[in-house]
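Commentary on secondary and tertiary structure
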Amino acid sequence: MSHRIAVLPGDGIGREVTPEAVRVLRAVGKGSGTTFDFEEGLVGGGAIDATGAPLPPATLALCLKADAILFGAVGGPKWDDLPQEQRPERGLLGLRKQLDLYANLRPAKCFPFLVDASPLKREVVDGTDLVVIRELTGGLYYGEPRGVERAADGSARAVNTMVYSTAEIERVARVAFDVARKRRKRLASVDKANVLVVSQLWRETVTRVGKEFPDVTLEHVLVDNCAMALVQRPTHFDTLVTENTFGDILSDEAAILAGSMGMLPSASIGSLAGAGGSLAGAGGGRVGLYEPVHGTAPDIAGKGIANPIASVLSAAMLLRYSVNMSADADRIERAVERVLAAGHRTGDIARSGEKALGTRQMGDLIVREVEAQY
Ligand code: NAD
């Protein structure tokens, strides 16, 4: 088997952590007999410096012919004064739009050895292992009409519109049921159906799609209850799906359960592909984009001390959701757990007095633990 991976490290620590994830994937390739063809592209600030554009046509072309994209992070103080349209972030937004990445997956897993790094009490957070699926291309952030009307007397009126069609809800719901099916087969759909008609359509549509997935248990949760439950009993949840704005808020809330920015991977998926309801596989599948949740961390960039685990876990998601290599994804996650269990830490997750490893050293240890499993 051979898979094409577009590698876009971007800027800042993106350039330091992404190579570690690539090394981990190479180890998987060697162990499993799979060929990964990695091709690197410019994006973000580095691309602006080299070509004048945050998403050069050559990078987009590279992504469109790839099976999946491993992305680092973009941005930094050097480009902060550019006009909005020319900023590094446009590179990522452009990719999301071009690839129609409408489902964003953010797992939040509390590793047993890092329970004390969570702001929640050990007995509440221990065992948390959930994923928030956020609809990414519709809803309040894109709905029309939108804008501000300013009156001559200085007063003003502003409008945003929350709008969803059944087709938009159905496709993200299918991704969510599919992800839940690969996990503990429980899906919580989050809405505000007691107030919003958009949420009523959301609930009705998710319920209908759920009939295609009789093995997955569906519950509906109101967003305000969900915000509370996430910090009160996060272990109740397995897979959550929700619209864009609610998802933006809840995925950040879920993120703090896991302790550090350096630990959080994410995936953005463009379409269901292949037969049998699988997210992965051939047969018309568009590419998925996999990236750490964190940014370019200008405060530590260039020092070789960034935590590569978020990027490495993003590579595991790539295997699970884009190329149907779940067993190998499990191996990567196990490798990370073992390295952490053995007490190895980068600076962001070390407690005072604990020795902090560099990016490369942490990468070495994870690669070794992956290799040991083949
Ligand atoms: P950030 O995530 O880059 O950093 C926040 C804090 O977390 C910093 O103290 C940083 O040192 C720490 N941190 C983040 N990742 C870490 C890691 N892997 N290991 C150790 N520590 C880590 O967020 P920010 O400071 O708000 O943004 C910095 C730049 O990144 C900005 O230009 C922003 O626009 C950009 N950004 C890009 C993306 C993206 O490309 N997807 C996402 C967020 C921010």
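Described in the following lines is the structure provided in the data block. For clarity, every value in this text was computed on a predicted model and none was experimentally measured.

Some details on the pattern of salt bridges
Summed over the entire model, instances satisfying the criterion amount to 29 salt bridges. Notably, a salt bridge pairs Arg-171 with Asp-100, separated by 3.1 Å at the nearest N-O pair. Pair noted here: Arg-171 is in helix α6 (residues 166-182) and Asp-100 is in the loop between α4 (89-98) and β4 (103-109), with a separation of 71 residues, a long-range link. In this structure Arg-171 comes out as partly exposed when scored by relative accessible area, which is 24%. A salt bridge links Asp-328 to Arg-331; the nearest nitrogen and oxygen atoms lie 3.2 Å apart. Remark: Arg-331 and Asp-328 occur in helix α11 (residues 326-341); sequence separation between them is 3 residues, near one turn of the helix. Overall, the relative accessible area of 21% leaves Arg-331 in the partly exposed class. Via salt bridges that share partners, Asp-116, Arg-122, Arg-351 and Glu-354 belong to a single interconnected network.

So, the nonpolar core
Leu-105, Leu-319 and Ile-366 are the most contacted members of the largest nonpolar core, which has 84 residues in total. In contact with Leu-105, other than residues within four places in its own chain, are Val-131, Val-132, Ile-133, Val-175, Val-179, Pro-265, Ser-266, Ala-267, Ile-269, Met-317 and Tyr-321.

Comments concerning the packing of aromatic side chains
In the structure shown here, the tally under the stated rule is 3 aromatic pairs. Where Phe-36 meets Phe-38, the ring centres are 6.0 Å apart and the plane angle is 40 degrees; that geometry is what we call tilted. Judged by its relative accessible area of 9%, Phe-36 is buried. Look at Phe-177 and Phe-213: their rings are 5.0 Å apart centre to centre, the planes differ by 10 degrees, and that puts the pair in the stacked class. You can see Phe-177 sitting in helix α6 and its partner Phe-213 sitting in the loop between α7 (197-210) and β9 (217-222), a full 36 residues away along the chain. Accessibility assignment for this pair places Phe-177 and Phe-213 in one class, buried. In this structure, Arg-171 packs its charged tip against the face of Tyr-102, placed 4.0 Å from the ring centre.

With respect to the sheet that holds strand β2 (residues 35-40)
With mixed pairing, 10 strands are arranged side by side in an open sheet as β2-β1-β3-β12-β11-β4-β5-β10-β8-β9. A single partner strand is all that each edge strand has here, and the edge strands are β2 and β9. The mean angle between the axes of side-by-side strands here comes to 25 degrees, regardless of whether they run parallel or antiparallel. Pairing of strand β1 (residues 2-10) with β2 involves 6 bridges; the strand directions are parallel. Across the sheet, Ser-2 pairs through a bridge with Thr-35, a residue of β2. Of the strands in this sheet, β1, β3 (68-73) and β12 (288-292) are in contact with α4, which crosses β12 at around 150 degrees.

Details of the pairing of strand β8 (residues 186-191)
Burial analysis of β8 places 5 of its 6 residues in the buried class, the great majority of the element. In this sheet, β9 lies alongside β8 in parallel orientation, the contact comprising 6 bridges. Looking at the pairing, Asp-191 lines up with Leu-222 of β9. Following the chain from β8 across α7 to the adjacent parallel β9, one finds a crossover that is right-handed. Across 4 bridges, the pairing between β8 and strand β10 (residues 239-242) is parallel. Counterpart to Leu-187 in the pairing with β10 is Thr-239.

Here's the deal with the site of the ligand
Around the ligand there are 20 residues in total, and Val-74, Gly-295, Ala-297, Asp-299 and Asn-307 lie nearest to it. Taking Gly-295, its main chain carries an N or O atom lying 2.7 Å from an oxygen atom of the ligand. In this structure, an oxygen atom belonging to the ligand sits 2.8 Å away from a side-chain N or O atom of Asp-299. Calculation on the ligand without its partners gives an accessible area of 800 Å², and the protein chains cover 68% of this total. Among the residues forming the shell around the ligand, the class breakdown is 9 nonpolar, 7 polar and 4 charged.

Regarding the packing of helix α8 (residues 223-232) against helix α9 (residues 244-257)
Close contact between α8 and α9 brings their axes to 10 Å; oriented N to C, the two are set at 10 degrees. Taken together, α8 and α9 sit at an angle that is classed as roughly parallel. Taken together, the residues of α9 that come into contact with α8 (itself represented by Val-223, Cys-226, Ala-227, Leu-230 and Val-231) are Phe-246, Leu-250, Glu-253 and Leu-257. Here the residues of the contact of α8 with α9 are counted per class, giving 8 nonpolar, no polar and 1 charged.

Rules behind the numbers
Residues numbered from 1 in each chain as written. Predicted model: local features only at pLDDT ≥ 70, side-chain atom pairs only at ≥ 80, totals over all residues. Heavy atoms only, no water. Salt bridge = Lys/Arg side-chain N within 4 Å of Asp/Glu carboxyl O. Helix = DSSP H or I, 4+ residues; strand = E, 2+ residues; numbered from the N terminus. Buried < 20%, exposed > 50% of the residue type's maximum accessible area, 1.4 Å probe, protein only. Core = buried A, V, L, I, M, F, W, Y, C linked by side-chain atoms within 4.5 Å. Contact = heavy atoms within 4.5 Å. Phe/Tyr/Trp six-rings, centres within 6.5 Å; stacked < 30°, edge-to-face > 60°. Lys NZ or Arg CZ within 6 Å of the ring centre and 35° of its normal. Pairing = 2+ DSSP bridges. Axes fitted to C-alpha atoms, helices over the stretch in contact; angles between N-to-C directions. Right-handed = clockwise from strand over helix to strand, strands pointing away. Near = heavy atom within 4 Å. Polar contact = N/O pair within 3.5 Å; in protein donor to acceptor, adjacent residues only side chain to side chain. Areas by Shrake-Rupley, 256 points an atom, 1.4 Å probe, with all protein chains shown as cover. Nonpolar A, V, L, I, M, F, W, Y, C, P; charged D, E, K, R; others polar. Parallel < 35°, antiparallel > 145°, perpendicular 65-115°, else oblique.

Structural measurements only, silent on function.
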